[in-house]
Amino acid sequence: MSLSSLRIHMDACKISGELYEIVKGWPYFDRDTLGKQLIRAADSISHNIAEGYGRAATGERLQFMFYADGSIQEAKNQIQLASDRLLISEHDAIELRRRLMRLSISLIEFAAAIAERDKSYKGRYIGIIDQRRAWLLKQYAEKR
């Protein structure tokens, strides 16, 4: 499977592109402050997925998947700030955060699959994946 056919990578790129188009229309000050940071966080999601995908060691692969998930959480926070500042409609902000939550769940499931494929991997990410899965599913259930 190539990186370009990996669904989580495609979803991350799509969200990043949509956010880029939104931010382009903001006033200069908002683009220069929150906008640039939001785009960097959104772009970082797919960048870290790609870098992790290219790593050979399971621990390194998982580390980059968690970096990508951290960027998802950062982007969700910045979208909330943009909504609070009336730069993004509340409806659009809710939809974007919902899509990022689904991406986060998919990313953690992908990380779990990476860990499960390597039967010799006994690293620290196994417990973290289990904790993160439980937290994300609880968050998702509360939002529905």
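Heads up: these notes are all about the structure in this document. Every value quoted in this text rests on a predicted model; they were computed, and no experiment measured them. (Residues numbered from 1 in each chain as written. Predicted model: local features only at pLDDT ≥ 70, side-chain atom pairs only at ≥ 80, totals over all residues. Heavy atoms only, no water.)

### Section: the packing of aromatic side chains
Inference 1: Applying the stated criterion to the full structure yields 2 aromatic pairs.
Inference 2: When the centroid spacing of 5.3 Å and the interplanar angle of 20° are considered together, the rings of Phe66 and Tyr125 count as stacked. Taken as a pair, Phe66 in helix H3 (residues 58–84) and Tyr125 in helix H5 (residues 125–143) lie far apart in primary sequence, 59 residues in all. Here Phe66 and Tyr125 have matching classes, each one buried.
Inference 3: Here Arg124 stacks its cationic end above the ring of Tyr125, 4.6 Å away from the centre of that ring. (Phe/Tyr/Trp six-rings, centres within 6.5 Å; stacked < 30°, edge-to-face > 60°. Helix = DSSP H or I, 4+ residues; strand = E, 2+ residues; numbered from the N terminus. Buried < 20%, exposed > 50% of the residue type's maximum accessible area, 1.4 Å probe, protein only. Lys NZ or Arg CZ within 6 Å of the ring centre and 35° of its normal.)

### Focus on the environment of Tyr20
Inference 1: By the element assignment, Tyr20 lies in helix H1 (residues 7–24).
Inference 2: Judged by relative accessible area, which is 44%, Tyr20 ranks as partly exposed.

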